[in-house]
Amino acid sequence: MAVKKLAVLFSGGGSNLEAILQKLHGKTFGETKIEVVLTLSNKADAGGIAKAAKFGLQSVILNHKDFASREEFDAALVREIEKSGAELTVLAGFMRILTPVFTSRVRAINLHPSLLPLFKGAHAIEQSFESDMKVGGVSVHWVSEELDGGAIIAQRAFEKSAGMSFEAYETKIHEIEHELLPQVVVEILCQS
Ligand code: GRF
């Protein structure tokens, strides 16, 4: 039985962190057992901290404001991830722009709430909802130096129903995220 170690970085409510913990942490897939070994937030008041605690995981808090530059913050992230032994890092609502200090050292995937390459950046749900596109969706991609720009691993789309409210649209995005992200993690860890 191989144990594969995962790190999850988050900044907010942590619903995707929770989906990963519920569906993957300590679970076995074929010959592979997945363990979340690091939960880390750049925000001391992130809701995900309590969600991780329910699974017995004490999150590491690294406040980006305590660092003189993006590079110094990223170096601290890299140290924590390397110390944890994680072989894959998931950015699950981690709202920081990362420099090559991080992207060149860490094997990481990012969850993004649009059909990339459309609607990159922090307002993807609002922008994709307001666009005249007839579908919305979610992407998971490899993290590269380009914000929301690395190779796409998986995407799932849905039709915008006529008169769909923003709240219903956002709920649908999150439902898909909670399915797709854990699936992709399993696919990556169980193939490598
Ligand atoms: C998700 O919509 C993710 O795609 C975006 O930030 C949100 C995080 O939500 N990057 P949560 O903190 O996992 O609930």
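Residues numbered from 1 in each chain as written. Predicted model: local features only at pLDDT ≥ 70, side-chain atom pairs only at ≥ 80, totals over all residues. Heavy atoms only, no water.

The name given to the protein chain in an unreviewed UniProt entry is Phosphoribosylglycinamide formyltransferase, with the source organism recorded as Campylobacter gracilis RM3268. Under the UniProt heading Catalytic activity (unreviewed entry), the entry covering the protein chain gives this text: "N(1)-(5-phospho-beta-D-ribosyl)glycinamide + (6R)-10-formyltetrahydrofolate = N(2)-formyl-N(1)-(5-phospho-beta-D-ribosyl)glycinamide + (6S)-5,6,7,8-tetrahydrofolate + H(+)". Quoted verbatim from the Pathway (unreviewed entry) field of the UniProt record, the comment on the protein chain reads "Purine metabolism; IMP biosynthesis via de novo pathway; N(2)-formyl-N(1)-(5-phospho-D-ribosyl)glycinamide from N(1)-(5-phospho-D-ribosyl)glycinamide (10-formyl THF route): step 1/1." (UniProt positions renumbered as here; feature names shortened; annotations may be inferred.)

Caption draft 1: Representation of the site of the ligand in the model. Within the structure, the ligand sits among Gly-12, Gly-13, Gly-14, Ser-15, Asn-16, Gly-93, Leu-111, Pro-113, His-174 and Glu-177. Contact distances for the ligand include 2.8 Å between an oxygen atom and a backbone N or O atom of Gly-14. Within the contact set of the ligand, an oxygen atom lies 2.4 Å away from a side-chain nitrogen or oxygen of Glu-177. For the ligand, the accessible surface in isolation is 370 Å², of which the surrounding protein chains cover 84%. Counting residues per element, the ones that place at least two in the shell around the ligand are helix H1 (15-24) and helix H6 (166-191). (Near = heavy atom within 4 Å. Polar contact = N/O pair within 3.5 Å; in protein donor to acceptor, adjacent residues only side chain to side chain. Areas by Shrake-Rupley, 256 points an atom, 1.4 Å probe, with all protein chains shown as cover. Helix = DSSP H or I, 4+ residues; strand = E, 2+ residues; numbered from the N terminus.)

Caption draft 2: Representation of the side chain of Thr-103 within the structure. In this structure, Thr-103 sits in helix H4 (residues 100-103). Using a relative accessible area of 13% as the deciding quantity, one classes Thr-103 as buried. If we ignore the near neighbours within four places in the chain, the residues touching Thr-103 are Leu-98, Val-143, Ser-144 and Glu-145. (Buried < 20%, exposed > 50% of the residue type's maximum accessible area, 1.4 Å probe, protein only. Contact = heavy atoms within 4.5 Å.)

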